[in-house]
Amino acid sequence: MGLMKKAKNIIQNIKNRFAEVNLITKITLICAVIMVLVALWMVLFYKPVHNAVFHPESHTIVAVKSGDTLSKLLSEQGFTPQDIDTIAKKLKAEAGFSTLRADSDKIDFIKPSPNEPISKIVIINGPWHQVELSCAQPGDWLCQSIDIERDTRITYHSGEILDGDSFYLAGQRAGIPAGILIDVYDLLAFEMDFERDVRAGQKFSVVYEENYASNKKIDNGHVIAISFEALRGNVKMYRFKKSDGTVGYYDEMGNGAIKSLKRTPINNAKVTSSFSSRRKHPVLGFTRAHKGVDFRAPTGTPIPSAGAGRVIARGYNRGHGNFVKIRHNATFETLYAHMSRFAKGVNVGTAVRQGQVIGYAGSTGLSTGPHLHYEVIKNGHHVNPLTVKLPAIDNLNATNKKAFIEYRKKLDVVVDDLSANPDKVIRLDSLNADNIPESK
Ligand SMILES: [Zn+2]
């Protein structure tokens, strides 16, 4: 009770004093009180980092699924047929955009606040591109195609093959992402045979691109360089952009690393029987030359062509079962046997690319189980695919070679730096811009 009385006294006191002061002082005092109250309110309720408290933008993000169309998705958000027509026309005319890609594109419908109509539509197609539609006034939309700025950094990983290891396991342990390892495999398969050339103690390193946007890692880019201590000597490959803008992989001296043929058409397939001029045939029982190499491959494994060329035979015989034969150039032919079936559209006369699937592994013909029997024929004679000297698809001319050597020296310095300081951020464009291969 004493407290209430005290408070009353204080208020009475203030009232009395307030009555005594003049008008100007009164106004000043009232203003001061209001300002203090506003300041107090701001301190308590105003959050500068999240000023959306006043205007909470509302986002509805829709992932495009198979069967979705732009008009279906817009109509689900309440757009009228006229709006949809206007938006579709605008997108086509100003962003060259016509169809959504299922399972990859997303659409963000943005309202200034939950109770207002949608004022912005962002079509996110991939991590590096989006199209923004902003409503200028009802029925009028502004369209903008935006490329997200890509900051490409150079990443380095190194590892060592341990006892009983595969290159894949060692690569994973070294921290190389699966997608990059597959690319590395594809490239090394031109130069080495993983079954015979990989031994414990071998060291390797891989340099590749990591793409960032606003300091956030988005995805991996290309393999920039590979080094592998193979049995037959160090295998080194560098990605390089030539003066005509085309990109290729080259060894230290600028010779093309991409060979006319792959030694092992199916990546990472185990060799189950090697090339020999004499061996006991597993089915026929008598000694006969094995004119190719057998790779373990479950039935149905896609068989890629070892090189670019033209199909010169496709058929069946008792020994080879279903087989395809390809002529690559005046010197080389390859043959693939025991296929369970041929790839669609692969006929005698068909031109094939390197890596194009020509058929699927099986066990047709004289075969003890599903595998790929692969033959390389050089000038009409069977040769060992794993050891034959293979020509490069393209070697650099004198001008490009000079530029390549300069680029390679710079890259080697960067790689040395990264191997000592793995966390250092080095941007791809810090190397000579003229010779930097462009990102994907
Ligand atoms: Zn065989």
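Residues numbered from 1 in each chain as written. Predicted model: local features only at pLDDT ≥ 70, side-chain atom pairs only at ≥ 80, totals over all residues.

1. Overview of the overall build of the protein chain
From N to C terminus, the protein chain includes eight helices and 23 strands. Relative to the compact-globule value of 22 Å for 440 residues, the protein chain shows a C-alpha radius of gyration of 34 Å, a clear excess of over 25%. Projected onto its principal axes, the C-alpha coordinates of the protein chain cover approximately 125 × 55 × 55 Å. Counting contacts in the protein chain only where the partners sit at least 6 residues apart, residues at least 24 apart contribute 61% of the total. (Helix = DSSP H or I, 4+ residues; strand = E, 2+ residues; numbered from the N terminus. Rg over C-alpha atoms; globule rule 2.2 N^0.38 Å. Contact = placed C-beta atoms within 7 Å.)

2. So, the domain arrangement of the protein chain
Accessible area lost upon the coming together of the parts serves often as the stated size of an interface. Domain assignment breaks the protein chain into domain 1 (2-46), domain 2 (58-147), domain 3 (160-258 + 395-435) and domain 4 (271-383). For domain 3 versus domain 4, the distance between C-alpha centres works out to 31 Å. (Domains from an automatic or database assignment.)

3. Looking at helix 6 (residues 178-188)
Residues Ile180, Leu181, Val184 and Leu188 constitute the buried set of helix 6. The arc that holds every buried residue of helix 6, seen down its axis, measures 100°, which confines them to one face. Of the residues in helix 6, the exposed ones pointing more than 90 degrees away from the buried face are Ala178 and Gly179. (Buried ≥ 20, exposed ≤ 12 C-beta atoms within 10 Å, placed from the backbone. Arc of directions from axis to C-beta.)

4. Here we look at unusual backbone geometry
In the Ramachandran plot, serine 214 falls in the positive-phi region, its phi being about 45° despite a non-glycine side chain. Following the sequence through the fold, serine 214 ends up in the loop between strand 7 (203-213) and strand 8 (216-230). Take serine 214: there are 8 C-beta atoms within 10 Å of it, and that puts it in the exposed class. Positive phi, close to 65°, is recorded for histidine 338, a residue that is not glycine.

5. Quick word on the nonpolar core
One recurring pattern in soluble globular proteins: nonpolar side chains tend to sit buried together. If you look at the biggest cluster of nonpolar residues, it comprises 32 residues, and the most contacted ones within it are Val206, Val207, Ala225 and Ile226. Of all the secondary structure elements, the ones that give two or more residues to this core are strand 6 (151-160), helix 6, strand 7, strand 8, strand 9 (233-241), strand 10 (247-250) and helix 8 (398-420). Each residue touching valine 207, except ones within four places of it in the same chain, is listed here: Ile154, Thr155, Tyr156, Ile224, Ala225 and Val415. Counting 21 residues, the second largest nonpolar core, distinct from the first, contains Val293, Val324, Ala337 and Met339. (Core = buried A, V, L, I, M, F, W, Y, C linked by C-beta atoms within 7 Å.)

6. Here's the deal with the pairing of strand 5 (residues 140-147)
Relative to strand 5, strand 4 (residues 129-137) is paired through eight bridges, and the arrangement is antiparallel. Directly across from valine 131, in strand 5, lies its bridge partner serine 145. Between the antiparallel neighbours strand 4 and strand 5 lie two residues, among them glycine 139 with a positive phi of about 85°. (Pairing = 2+ DSSP bridges.)

7. A few points about the sheet that holds strand 7
Taken in spatial order, the five strands of this open sheet run 6-7-8-9-10, and their pairing is antiparallel. Pairing within the sheet leaves two strands with one partner each, and these edge strands are strand 6 and strand 10. Pairwise comparison of adjacent strand axes, ignoring direction, gives a mean angle of 25° for this sheet. Across the sheet, helix 6 is in contact with strand 7, strand 8, strand 9 and strand 10; its angle to strand 8 comes to roughly 35°. (Axes fitted to C-alpha atoms, helices over the stretch in contact; angles between N-to-C directions.)

8. Points about the sheet that holds strand 15 (residues 302-304)
One open sheet holds the three strands; their spatial order is 15-21-19, and the pairing between them is antiparallel. Since the sheet does not close on itself, it has two edges, and those belong to strand 15 and strand 19 (341-342), each with one partner. One ladder, built from three bridges, connects strand 15 with strand 21 (residues 357-360); its direction is antiparallel. Across the sheet, isoleucine 303 pairs through a bridge with glycine 359, a residue of strand 21.

9. Quick word on helix 8
Under the 1.5 Å per step criterion, the end-to-end length of helix 8 is 33 Å for 23 residues, consistent within 8% with the ideal 33 Å. Those residues of helix 8 lying buried are Asn400, Phe404, Tyr407, Arg408, Leu411, Val415 and Leu418. In this structure, the buried side of helix 8 is in contact with strand 6, strand 7, strand 8, strand 9 and strand 10. (Expected span 1.5 Å × (residues − 1).)

10. Here we look at the confidence of the model for the protein chain
Looking at the protein chain, the pLDDT average stands at 87 and 91% of residues meet or exceed 70. Put simply, strand 12 (residues 276-280) is where the protein chain has its lowest mean pLDDT, 67, and strand 19 is where it has its highest, 98. (pLDDT = per-residue confidence, 0-100.)

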